[in-house]
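Geometric and topological summary
Here is what each chain is made of, one letter per residue.
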Amino acid sequence: MNYELNKSAILRLADGTEYRGFSFGYPRSTTGEMVFCTAMTGYPESLTDPSYCGQILVATHPMMGNYGVPDDERDAYGLSRHFESDHIQCAALVATDYSACYSHADARRSLGEWLSGERIPALCGIDTRALAKKLRDEGAMTGTIVFDDSPVAPPVHDDCLVARVSTKQIQEYGHGRPKVLLVDCGVKNNILRLLLERGVSVRRVPWDYDFTHDDYDGLFISNGPGDPAACIPTIQHLRAALADDRPIMGICLGNQLLALAAGARTYKMKFGHRGHNQTVRQPGTHRCFVTAQNHGYAVDPATLPDDWECLFENLNDGTNEGIRHKQKPFFSTQFHPEASSGPVDTMGLFDQFIEKMKEV
Amino acid sequence: MEKDFGKRILLLGSGALKIGQSGEFDYSGSQALKALHDEHRYTILINPNVATVQTTEGMADAIYYLPITPEYVEQVIQKEHPDAIMLAFGGQTALNCGIELHQRGILDKYGIRVLGTPVSAIMQTEDREQFASLMHQIGVKTPKSVAVGSVSEALEAVRVTGYPVIVRAAYALGGLGSGFCTNDDELTALASSALAYSPQILVEESLKGWKEIEYEVVRDGYDNCITVCNMENFDPLGIHTGESIVVAPSQTLTDHEYHLLRRIAIHIVRHVGIVGECNVQYALDPHSDDYRVIEVNARLSRSSALASKATGYPLAAVAAKLGLGYGLDELPNAVTRVTTACFEPALDYVVCKLPRWDLGKFTGVSRQIGSSMKSVGEVMAIGRTFEEAIQKGMRMVGQGMHGFVGNALDIPDLDGELRNPTDKRLPAIELAFDRGYTVEQLHDMTKIDRWFLCRLHNIHRTKLRLTACTGLDDLDAPLLRRAKEQGFSDHQIAKLALQGDTTMSPHAKADSVRARRKALGIVPVIKQIDTLAGEVPAQTNYLYVTYHGTENDIAPERDGRTVVVLGSGAYRIGSSVEFDWCCVAAMQKIRSLGYRATMINYNPETVSTDYDACDRLFFEELTLERVLDICDAEAPRGVIPWAGGQIPNNLALLLNERGVPILGTPAACIDMAEDRQKFSALCDRLGIAQPRWKQLTSLADIDRFADEVGFPLLIRPSYVLSGAAMRVVTNRAELESALATAAAVSADHPVVVTEFLERAKEVEIDAVAQEGRMVCYAISEHVEFAGVHSGDATVVFPAQKIYCETLRQMKRTARKLAEGLHVTGPFNIQFLAKDNRLKVIECNLRASRSFPFVSKMTRHNFISTATEAVLGSTLTPVHGAFEEMDRVGVKASQFSFTRLLRADPVLGVDMASTGEVACMGDNFYEALLKSMLSVGHRVPRKEKGVLLSSGPAKEKVELLEAAQLLARSGYRLFATGGTADFLAAHGVETVRLHWPDSTQRPCVIDYLKAGEIDLVVNIPKNHTPRELENGYQIRRTAIDYNVPLITNARLAAAYIQAFCGIGCN
């Protein structure tokens, strides 16, 4: 616990459990879905990951903020070098211990300063292991951070979080070929960067944009927050694209949307997968990969139509980790090959996508 | 993949514990053997280390206590016909032996397959030049480095790298012979001594000040590759990782840096072709993401043992199974049992490893820490913040520290200490905070990352708030909670906050803090280490205690079936793996008797801290406070303080006074045996003789006592932080100099002075009693006369050369003491025997160092018996002392003087050895020879020679027969002045070599440096400074040039008899 922090607040869960913590972010009451992440590094990346939109992130790694927060530098494509989107996406952060002191050559401010600047509440001094175990045993639930002097707003019921995080207008990147049409459901900067680094051009379109008549060589469905079934227009457009033969790659929400478009079903998991240590395996082989994950919904592989198959399965709980079409160049992963944050072992999948576009 | 090879598997152990290669290999070998046993393999183990768990009957199907050399391994191969061998579990010793077996074609000759990483891959990682070019092929950066074979080439190489450079010896463990050089003179000196160890040395660019990061990587035969753990050194590069404080997981690395290094580690491991476990060490530039790979260990290492304990991932067991052909995805996660071993542990806590040095035990040794390892043990502390972990860790080290703050330590040259660290590095940082140094200043001086310094500064700030308190009432709940979360002990809080109180004893103060915080509801919680940060329920009870929490992970078991075993703590000189063996043996028996075995220990090198060795493992401090916390929670049937050696034994009385039941000898009797005065009174009452002694407080008193009993005397100054300097003095001048080097004699610092019997035999009895009745015992005998610490002595079992009368007296005395002290459990008595008269010098009411030795030699587990004695029904005494055994066992000591730059490699009343071995034979000489070869002796080659430099006249006589035998056997003999004259007078011709300080030639030092001598027998005289200095030069040169050295005449004579008689080649 950091004892310089003397402003306390309560974290109240939907089941009535309360935890008292100390504020190291913006002192504002807030409500969100409680999720825990077991990653040991990468808070600048995680906090700005649009897939966490609206969620209260519980870090099981006990000390947060050790290496501070860097400047918002941009790369050659105009993408943020250190952050996955333009601002912090999660509703709040909960930690065991906050490190007000930080140390790194790139650090320009503390984690607390960054959170405060973005008006994001954060609490430390909370037994996040106890909290994670509770979420594990009882499933994801809503939580509210209550500051005495800040009223609790009634929860906003957001049917489609994707609409909140998706780009509002079409953006073009690069001039190379092949041309990728990227459906932005809350895309992480590193997905864009990995595509662009492979020499393609990217047309980034809003989640509900009708791309069916656009000219492109490959379709990319990004990650994003919330229930995939809520993305009805995306699923409809995708279904049309499946009639075509141009390559499709999806990540995370993109995996779920592809499955829904193909006719399979998705479901909400008890507490999801969030961390850097989830292992996936190619069915029927011994080939395994350690992956970064962040999802609360999954594809039910039993509902996949006959011309689709499981591409990866979770080694631990057997849940679906990716699908592919048996004939056509369509595939997607539930995990995050773009990493950032997390292990980079499956980045080669981007190369496979590019190759498939070149083959067609 | 094929999984049915390796029906009969030979596993090589690591031999005796030494600096750089310690208990971690008992952990790795034991885990591997258990894993192979699970797979129904027939296992054959070669390891002369008798104190280890792995050499316990039942751990392997066949166990050979033999030297780990190609010759002996081949003998075992001929007998056992293994079809496979594992080389990765016995440290550098096993690896080097494996490479030699491969190079000599022995493995091919017998069709033996190497399981795990192929030998060719191992060899690529061992030869630095080959390794660098291998890395270059795949674009991985290694330090700029030039391999050279001579001093002149080394000087040439600096033109490529520039100064400063680091010099390293290839094929050497733990950085042996390596160091930093900033100019030609330093380089010349270091290169010539390093070249004595290795034909090839490396001159490398220095990356001083870079971060040092390690990854533990595992790869299976399907090319699946994971990193189990990464670790960050608190100390910057330049300080050997074995000398550094190490933190896991890394704390100051960004995700980008973490995964950059992770990706490279995996790339390397795939390219090299590792199957099993591999350690990759990096230097990382703190100002960019530039890096260098500085080391790759293609085997289990000290770091992998640490990573195993830090994460709960059983690296050695997994590596063993991968060697059999399993894929990672086919092996279960041993903690959750529902997930697989193919994952990377997520930690929701932080661990700190701290080294333990014993440099105070050695004369002349440099205390600076650097690129060569000197520490003898380590501790691992677990907390949820760095502050909590480091403060626990500093107490665990067991050298009188109360934590980071609250130690009154004087550091005369603070700035020098900060710039050139010694074993006092952490207290120096605290002292600097006291003197107002800023984090920034300290970072400039130490190059320690600012984050670590800031977190230490947090502790310092809390100290200031505690010292501002004027009494217990000022300790409010927020301050107490903050202090406890930062790892302050009750004792430490009491010391800082109640310093004005003169009415209470330190223990009473700590008790009052404890009572107050409990009243305020400030109590710790018990958390599990589960490998997955809570994501999946854990099925094992690998536990730690923290104040950062609101709920326990486990429900305490308060059914009275819990038996708490207190572990051995950090390995140190005098207390090592032998006590871990005792703990493991006790726990096995506890479980077999239907009780729940709970272990408390914090040593990551141990088997007792494997979570399958017990029912509940608290990886925690062995302090009164923490043991009470655990007993408060678990309400055990009792605590066993006698298995882990002196550290837990010291807690017995304190625990008992606070209502904790002790299983064993009553605490008051333990105290009676520990307290000199009380023990002497008991001996007088029982009519047992002791050497005369007195506790004295002035020099005049000591003089009077000296007049009464005469010199020599054994002087034992009162406890000082650096380790008491015990020594024998033969006259008044020596007495004065001995007292000047220790604390002055005073009422506050009394000195214990004991009569010292010259040329007395030392004999020991290890025994178990139940309610004062002895139920089994074993009697052993030292080869050396008394005066060599029993931990350094060469011990023979059963005793071969003592009178029946002495035996009888020993038994009788042991029975009397067992009865008089109401002993239940193990005990050990050391005696002096001279002219058929017996005197007791020590009685320990606990397991002793020799319990594993006598248990394994007799095949009667004394610790099992002791455990039954304290828990079970009435035992029937075992008849006899195993004198009738048809084998002889000899236990020999391993010294690590090569590591301890400038230390005088001489033996005395204070212990200096770091490990031991024991081998068996049909007779004493056979067993002795095997034992000596196991601790690094080589039978001298006849074309080389033996140097005799034999000190006092009696020792010269002692060695005469051996010298004659050497001459008859055709050895070239060299001798220094007096010895040469003496031998010539008795018909033994020698080449006369002059003393180191002589200008005459030939000089002994030149011969040693030239490699003309294969064995040095140098008996110190303890006389004039000139002789002392000359003797020191000879001994030290022998050590520095890797020439075997013996400094005791009786041992030398026996050893010479052994190798001349057996003529082993």
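**Comments concerning the overall build of chain A**
Scanning chain A from terminus to terminus reveals eight helices and 21 strands. For chain A, whose C-alpha radius of gyration is 20 Å, the value lies close to the compact-globule estimate of 21 Å for 360 residues. Projected onto the principal axes, the alpha-carbon positions of chain A cover approximately 60 × 45 × 40 Å. Looking at chain A as a whole, 65% of its 360 residues qualify as buried.

**Regarding the nonpolar core**
A general tendency of soluble globular proteins is for nonpolar side chains to be buried together. Core analysis: the largest hydrophobic core is formed by 284 residues, its most contacted members being B:L12 and B:I429. The element contributing the most residues to this core is helix α36 (residues 1049–1062) of chain B, with ten residues. Of the domains in this structure, domain 1 (8–156) and domain 2 (161–359) of chain A are the two that each give at least three residues to this core. Apart from the residues lying within four places of it in its own chain, the contact partners of B:I429 are B:F234, B:F404, B:L418, B:L442, B:I448, B:L453 and B:L456. Formed by 31 residues, the second largest nonpolar core is a distinct cluster that contains A:L253, A:L258, A:A262 and A:F330.

**Describing the domain arrangement of chain A**
All names here are of chain A. Looking at chain A, the domain boundaries give domain 1 (8–156) and domain 2 (161–359). Once you take the C-alpha centre of each, domain 1 and domain 2 turn out to be 26 Å apart. Listed per partner, the contact involves 33 residues of domain 1 and 26 residues of domain 2. In total, about 2300 Å² of surface goes out of reach between domain 1 and domain 2, with carbon and sulfur atoms giving 51% of it. The largest per-residue losses of area from domain 1 upon contact with domain 2 belong to Y77, L79 and E84, which jointly make up 27% of the total buried on that side. Taken together, domain 1 and domain 2 are joined by two salt bridges.

**Concerning the sheet that holds strand β3 (residues 30–37) of chain A**
Two strands in a sheet stick together by hydrogen bonds in their backbones, pointing the same way (parallel) or opposite ways (antiparallel). All names here are of chain A. Around the barrel, seven strands lie side by side as β1-β2-β10-β7-β4-β3-β11; this closed barrel has mixed pairing. Ignoring which end each strand starts from, the neighbouring axes of this sheet average 35 degrees apart. Taken together, the two bridges between strand β2 (residues 18–23) and strand β10 (residues 122–124) define a ladder with antiparallel strand orientation. Each bridged residue has a counterpart across the sheet, and for F22 the counterpart in β10 is C124. Along the sheet face, helix α3 (residues 128–138) touches β1 (8–13), β2, β3, β4 (55–59), β7 (92–94) and β11 (141–146) and points at about 90 degrees away from the line of β3.

**Quick word on the packing of aromatic side chains**
Within the structure shown, the criterion is met by 31 aromatic pairs over all chains. Plain terms: the ring middles of A:F36 and A:F271 are 5.6 Å apart, the flat faces sit at 25 degrees to each other, and that makes the pair stacked. Separated by 235 residues along the polypeptide, A:F36 in strand β3 and A:F271 in strand β17 (residues 265–281) bring together distant segments of the chain. Here the two residues A:F36 and A:F271 agree in accessibility, since each one is buried. Here the aromatic rings of B:Y313 and B:F343 are separated by 5.7 Å at their centres, their planes lie at 45 degrees, and the arrangement is tilted. In this pair, B:Y313 is assigned in the loop between α10 (302–311) and α11 (315–323) and B:F343 in the loop between α11 and β15 (350–356), connecting sequence segments 30 residues apart. We note that B:Y313, like B:F343, is buried.

**Details of the pattern of salt bridges**
Residue and element names in this part refer to chain B. What the rule picks out here adds up to 104 salt bridges over all chains. Where R514 meets D629, a salt bridge forms, and the shortest distance between an N and an O atom there is 2.9 Å. Of this pair, R514 sits in helix α19 (residues 506–519) while D629 is found in helix α21 (residues 624–634), placing the two residues 115 residues apart along the sequence. Each of the two residues, R514 as well as D629, counts as buried. Among the salt bridges present, the one from R626 reaches E620, with a minimum N-O distance of 3.0 Å. Take E620: its relative accessible area is 0%, and that puts it in the buried class.

**Structural notes on the sheet that holds strand β13 (residues 276–284) of chain B**
Residue and element names in this part refer to chain B. Overall, antiparallel pairing links the seven strands, which are arranged β14-β13-β10-β11-β12-β15-β16 in an open sheet. The open sheet has two free edges, formed respectively by β14 (291–297) and β16 (377–383), since each of these has just one partner strand. Pairwise comparison of adjacent strand axes, ignoring direction, gives a mean angle of 25 degrees for this sheet. Relative to β13, strand β10 (residues 211–219) is paired through nine bridges, and the arrangement is antiparallel.

**Observations concerning the pairing of strand β21 (residues 330–333) of chain A**
All names here are of chain A. Side chains F330 and S332 project from β21 onto one buried face, and the interleaved F331 and T333 project onto a second face that is buried too. Bridge count for strand β16 (residues 248–251) against β21 is four bridges, and the pairing is parallel. Across the sheet, the residue bridging to G250 is S332, located in β21. Here three bridges tie strand β20 (residues 320–325) to β21, and the two strands are oriented antiparallel to one another. In the sheet register, G322 faces β21, and the bridge partner there is T333. Hairpin geometry of β20 and β21 is characterised by an intervening segment of four residues between the two adjacent antiparallel strands.

**Notes on helix α9 (residues 255–272) of chain B**
Residues and elements named next belong to chain B. Between its first and last C-alpha atoms α9 spans 26 Å; for 18 residues at 1.5 Å apiece the expected length is 26 Å, and the two agree. Among the 18 residues of α9, 13 are classified as buried, and the element is accordingly described as predominantly covered. Immediately downstream of α9, the backbone of G273 shows phi near 90 degrees, a positive value.

**A short note on the side chain of B:S30**
All names here are of chain B. Tracing the backbone shows S30 in helix α1 (residues 24–38). Residue S30 is classed as buried on the basis of its relative accessible area, which comes to 0%. Apart from residues no more than four positions distant in its own chain, S30 is found in contact with V53, Q54, M59 and V607.

**Details of the packing of helix α6 (residues 232–242) of chain A against helix α7 (residues 253–262) of chain A**
All names here are of chain A. At their nearest, the axes of α6 and α7 sit 8 Å apart, and the two run at 65 degrees to each other. As far as their axial angle goes, α7 and α6 are roughly perpendicular. Along this stretch, α6 crosses α7, giving a crossing that reads as right-handed. Where α6 approaches α7, its residues T234, I235, L238, R239 and L242 are matched on the opposing element by L257, L258, L260, A261 and A262. A class-by-class count of the residues in the contact of α6 with α7 yields eight nonpolar, one polar and one charged.

**Examining the interface of chain B and chain A**
Frequently, the measure chosen for interface size is the accessible area that the parts lose on association. Tallying the contact residues gives 65 residues for chain B and 52 residues for chain A. Between chain B and chain A lies a buried interface of about 4700 Å² when both sides are counted; carbon and sulfur atoms form 50% of it. Applying the counting rule to chain B against chain A returns ten salt bridges. Note that B:R384 is salt-bridged to A:D127, the shortest N-O span being 3.3 Å. Summed over the shared surface of chain B and chain A, the number is 29 residue pairs in polar contact (both at pLDDT 80 or more). Mapped by element, the contributors of at least two residues to the side of chain B that touches chain A are β11 (225–233), α9, α16 (450–467), α17 (477–485) and β17 (525–528) of chain B. Ranked by residue count, the leading element in the side of chain B that touches chain A is α9(B), at eight residues. Looking at the side of chain B that touches chain A residue by residue, the classes come out as 23 nonpolar, 19 polar and 23 charged.

**Things to note about the packing of helix α25 (residues 676–686) of chain B against helix α28 (residues 804–820) of chain B**
All names here are of chain B. One way to put it is that α25 packs onto α28 with a least axis distance of 11 Å and a crossing angle of 120 degrees. Comparing the axis directions of α25 and α28 gives the class oblique. The interaxial crossing formed by α25 with α28 has right-handed handedness. Counting all contacts with α25, which are made through F679, L682 and L686, the residues of α28 involved are K816, L817 and G820.

**Focus: the environment of B:L807**
Residues and elements named next belong to chain B. As for its placement among the helices and strands, L807 is situated in helix α28. According to the relative accessible area criterion, L807 is buried, its value standing at 15%. Discounting chain neighbours no more than four positions away, the residues touching L807 are I779, I802 and E883.

**Side note on the pairing of β20(A)**
Two faces make up the sheet, and in a regular strand the side chains alternate between them. Residue and element names in this part refer to chain A. Taking burial as the measure, the six residues of β20 include five buried ones, the bulk of the element. With five bridges joining them, strand β19 (residues 308–314) and β20 adopt antiparallel strand pairing. Counterpart to E313 in the pairing with β20 is N320. Between β19 and β20, which pair antiparallel and follow one another directly, the connecting turn spans five residues, one of which, G318, has a positive phi of 75 degrees.

**A look at α3(A)**
Residues and elements named next belong to chain A. Most of α3 is tucked away, with nine of its eleven residues classed as buried. For α3, the complete set of buried residues consists of T128, R129, A130, L131, A132, K133, K134, L135 and R136. The first or second residue beyond α3 is G139, which carries a positive phi of 90 degrees.

Rules behind the numbers
Residues numbered from 1 in each chain as written. Chains lettered and ligands numbered in written order. Predicted model: local features only at pLDDT ≥ 70, side-chain atom pairs only at ≥ 80, totals over all residues. Heavy atoms only, no water. Helix = DSSP H or I, 4+ residues; strand = E, 2+ residues; numbered from the N terminus. Rg over C-alpha atoms; globule rule 2.2 N^0.38 Å. Buried < 20%, exposed > 50% of the residue type's maximum accessible area, 1.4 Å probe, protein only. Core = buried A, V, L, I, M, F, W, Y, C linked by side-chain atoms within 4.5 Å. Domains from an automatic or database assignment. Contact = heavy atoms within 4.5 Å. Buried area = accessible area lost by both parts, 1.4 Å probe. Salt bridge = Lys/Arg side-chain N within 4 Å of Asp/Glu carboxyl O. Pairing = 2+ DSSP bridges. Axes fitted to C-alpha atoms, helices over the stretch in contact; angles between N-to-C directions. Phe/Tyr/Trp six-rings, centres within 6.5 Å; stacked < 30°, edge-to-face > 60°. Expected span 1.5 Å × (residues − 1). Parallel < 35°, antiparallel > 145°, perpendicular 65-115°, else oblique. Left-handed = near helix turned anticlockwise from the far one by under 90°. Nonpolar A, V, L, I, M, F, W, Y, C, P; charged D, E, K, R; others polar. Polar contact = N/O pair within 3.5 Å; in protein donor to acceptor, adjacent residues only side chain to side chain.

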